[in-house]
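Below are the chains, spelled out letter by letter.
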Amino acid sequence: MAATVYYLDPLPDVGSTAVLDGPEGRHAATVRRTGVGERVVLSDGHGGMADAVVTSAGRDRLELSVETRTTANRPRPEVTLVQALPKSERSELAVETATEAGVDTIVPWQSLRCVARWEGPKAAKGVTKWRAAALAAAKQSRRAYVPDVRDLHDTRAVLALVRDTVARGGIAAALHESARKPLVAMGFRETTEVLLIVGPEGGLDDREIDALVDAGAEPVLLGPTVLRTSTAAAVALGALGVLTDRWDAAPPR
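Here's a quick rundown of the structure.

Quick notes on the rules
Residues numbered from 1 in each chain as written. Predicted model: local features only at pLDDT ≥ 70, side-chain atom pairs only at ≥ 80, totals over all residues. Heavy atoms only, no water. Helix = DSSP H or I, 4+ residues; strand = E, 2+ residues; numbered from the N terminus. Buried < 20%, exposed > 50% of the residue type's maximum accessible area, 1.4 Å probe, protein only. Contact = heavy atoms within 4.5 Å. Pairing = 2+ DSSP bridges. Axes fitted to C-alpha atoms, helices over the stretch in contact; angles between N-to-C directions.

## Some words on the environment of leucine 221
So, step 1. Tracing the backbone through its elements, the reader meets leucine 221 in the loop between β11 (218-220) and α6 (229-243).
So, step 2. For leucine 221, a relative accessible area of 26% corresponds to the partly exposed category.
So, step 3. Linking leucine 221 and glycine 35, residues 186 residues apart in sequence, is a C-alpha distance of 50 Å.
So, step 4. With sequence-adjacent residues up to four places away left out, leucine 221 is seen in contact with His176, Glu177, Ala179, Lys181, Pro182 and Leu183.

Shown next as structure tokens:
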């Protein structure tokens, strides 16, 4: 079966002793009851992977001997999700499902119709929660790369991302129920990066759509049903997984 992945940054060299403590050590030693002689997979969250054997187990702490080191390839095309802030009860769900589906970078967006408002100290608190949710979901889904969660963006900053992506030859796709072009027709296999834009519960404002199109984004139709903002990205990422080579690899073993 696929191994549980524990995050440790930086990873020790082959032949060195790795110490897993803190929350990861607690989960491994106390929750999972990992004992001496068992094998685990360590990752630095940036693609580095290490196969290790437990040599000592204590309370909330493991010592391990690192036997091999590898580096996982990043999926291509690379996908950045611009996620309009969902309602509070669904906010972290959007991050969790997108992470499990393989997103590379997540950009929280304060769009016009967002019910949630990250203002003042709420912005830093919200980003911290999203980063924790991404880390937990990456661990659960045994990812070698933990998604990078950026600081809160306003619409002006999102438009700059669109322009930069298009200038590099990437695709900027804004999911919209009124779009005529289906996601499958976007030619994702031929590009190196995708900027995926998901609006809030109330949908994208017409002014936002116009501005996104002017910046180089293309409205696309995901399918015949209107999805919640907290699940739309995961469904789109699943489609990208089969439309490209992103899902060709297997979980670490």
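## Quick notes on the sheet that holds strand β2 (residues 17-20)
So, step 1. Taken in spatial order, the five strands of this open sheet run β1-β3-β4-β5-β2, and their pairing is mixed. Either end of the sheet is taken by a strand with one partner, and the two such strands are β1 (5-7) and β2. Put simply, the sheet's adjacent strands are angled 45° from each other on average, direction ignored.
So, step 2. For strand β3 (residues 39-43) and strand β4 (residues 48-58), the ladder comprises five bridges, and the chain directions are antiparallel. The residue bridging arginine 39 from the neighbouring strand is valine 53, located in β4.
So, step 3. Running at roughly 150° to β1, helix α1 (residues 22-31) makes contact with β1, β2, β4 and β5 (61-71) of the sheet.

## Remarks on the sheet that holds strand β8 (residues 148-149)
So, step 1. The parallel open sheet is built from six strands, whose spatial order is β8-β7-β6-β10-β9-β11. Strands with a single pairing partner mark the edges of an open sheet, and in this sheet they are β8 and β11.
So, step 2. Pairing geometry for strand β6 (residues 78-84) and strand β10 (residues 193-198), over six bridges, is parallel. Bridged to glutamine 83 within β10 is valine 198.
So, step 3. Contacting β6, β9 (171-175) and β10, α6 crosses the sheet at an angle of about 165° to β6.

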